[in-house]
Amino acid sequence: MPVLRAVPGWNWFLKVGLAVALLLAGKMEIHAQDVSTEYKFKAVFLFHFAQFVDWPANTFSSPQAPLVIGILGDNPFDNYLNETVQGENVNGHPMVIQLCHNLGDATNCQVLFISNSEKTRLDQTLAALKGKTILTVSDIDQFPEDGGIIGFVTVDGKIHFRINTDAARDANLVFSSKLLRLAEIVTTQNK
């Protein structure tokens, strides 16, 4: 179940409403021309993806260590991702955002959003991250088919996501069945 703050406020209601939409619909309507709205929704998805993963025991250096969501490349979220995770935690791990200027900066992340600006280096990036316990997420075309774990796709103005279960298994990540039911499942096993 999602972990949200106990004291309701505007952000809490927004997150709960978006979580319900995520769980019930598995997609969110956006206007294709409004990039800021699109990335607001994607920021909320990233927040919830982290909550629907069973993280291996050795993922964190201590019970209080932060869960780091990294952004590799250009930051399409502006400040929305920071606002979304501010004050939140996953199983007692406070959530923090880290801008990653290179792949070396990304190795301490649990969730890594790979920006479109990294498209030309995607093969090398995914090869370097293979087998590491990092949930890779992107909206680069064919991301999960190319070996990433979760890929955003927009169809008819709605955000959907695909999960590569082979890549998740390679990263030693287990997803909640609730999340898997909402996703389109792809594999790279036969590639």
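Calculation notes
- Residues numbered from 1 in each chain as written.
- Predicted model: local features only at pLDDT ≥ 70, side-chain atom pairs only at ≥ 80, totals over all residues.
- Heavy atoms only, no water.
- Helix = DSSP H or I, 4+ residues; strand = E, 2+ residues; numbered from the N terminus.
- Buried < 20%, exposed > 50% of the residue type's maximum accessible area, 1.4 Å probe, protein only.
- Contact = heavy atoms within 4.5 Å.
- Areas by Shrake-Rupley, 256 points an atom, 1.4 Å probe, with all protein chains shown as cover.
- Core = buried A, V, L, I, M, F, W, Y, C linked by side-chain atoms within 4.5 Å.
- Pairing = 2+ DSSP bridges.
- Right-handed = clockwise from strand over helix to strand, strands pointing away.
- pLDDT = per-residue confidence, 0-100.
- Polar contact = N/O pair within 3.5 Å; in protein donor to acceptor, adjacent residues only side chain to side chain.
- Salt bridge = Lys/Arg side-chain N within 4 Å of Asp/Glu carboxyl O.
- Phe/Tyr/Trp six-rings, centres within 6.5 Å; stacked < 30°, edge-to-face > 60°.

Glancing now at the overall build of the protein. Summing up its helical and strand segments, the protein has six helices and eleven strands in all. Across the 191 residues that make up the protein, the buried fraction comes to 47%. Of the contacts formed within the protein by residues at least 6 apart in sequence, a portion of 62% connects residues at least 24 apart. For the protein, the exposed area adds up to about 9,500 Å²; of that, 51% sits on carbon and sulfur atoms.

The next thing to look at is the nonpolar core. Nonpolar side chains tend to gather and get buried jointly when the protein is soluble and globular. Core analysis: the biggest nonpolar cluster contains 39 residues, and F49, W55, L135 and F161 have the highest contact counts within it. Ranked by size, the runner-up nonpolar core spans 13 residues in total, among them L72, L126, L129 and F143.

Turning our attention to the pairing of strand β9 (residues 158–164). For β9, the tally of buried residues reaches five of seven residues, placing the bulk of the element in the interior. Of the pairings in the sheet, the one linking strand β8 (residues 150–155) to β9 comprises six bridges and is antiparallel in character. Opposite F152, over in β9, you have F161 as the bridge partner. A loop of two residues connects β8 with β9, the two strands running antiparallel in sequence, and D156 in this loop sits at a positive phi of about 50°. Where β9 meets strand β11 (residues 184–186), three bridges bridge the pair, whose relative direction is parallel. In the sheet register, R162 faces β11, and the bridge partner there is E184.

Burial along strand β7 (residues 135–138) is two-sided: the residues L135 and V137 and T136 and S138 are all buried. For strand β6 (residues 111–114) and β7, the ladder comprises four bridges, and the chain directions are parallel. Opposite L112, over in β7, you have T136 as the bridge partner. Handedness of the β6-helix α4 (residues 122–129)-β7 crossover: right-handed.

Here the protein averages 84 in pLDDT, while 80% of its residues score no lower than 70. With pLDDT under 50 throughout, residues 1–35 is counted as low confidence; its partners more than four residues away or in other chains account for 64 contacts.

Turning our attention to the side chain of E38. With respect to the element layout, E38 can be found in helix α2 (residues 35–51). On the accessibility criterion, E38 (12% relative accessible area) is buried. A distance of 2.5 Å separates the side chain of E38 from the side chain of K42, its partner in a polar contact.

Let's shift gears to the environment of K42. Topologically, K42 is positioned in helix α2. If we ignore the near neighbours within four places in the chain, the residues touching K42 are F77, D139, F152 and I159.

In total, this model carries seven salt bridges according to the counting rule given. Residue K42 pairs with D139 through a salt bridge whose shortest N-O separation is 2.9 Å. Here the residue K42 occupies a position in helix α2, and D139 occupies one in the loop between β7 and β8, the gap between them amounting to 97 residues. Residue K42 is classed as buried on the basis of its relative accessible area, which comes to 1%. Look at D139 and you get buried, because its relative accessible area is 11%.

Our focus in this paragraph is the packing of aromatic side chains. With the rule as written, the count across this model stands at eight aromatic pairs. Judged by centre distance (5.8 Å) and plane angle (25°), the ring pair of F49 and F152 falls under stacked. Taken together, the residues span a long stretch of sequence, with F49 in helix α2 and F152 in strand β8 at a distance of 103 residues. For the residue pair F49 and F152, the accessibility class agrees, reading buried in each case. Between the aromatic rings of F77 and F113, the centroid separation amounts to 4.9 Å while the plane-to-plane angle is 70°, which identifies the pairing as edge-to-face. Placement of the pair is F77 in the loop between β3 (67–72) and α3 (80–85) and F113 in strand β6, with a sequence separation of 36 residues. A relative accessible area of 0% means that F77 is categorised as buried. Among the aromatic residues, those joined into a cluster by ring pairs are F45, F49, F152 and F161.

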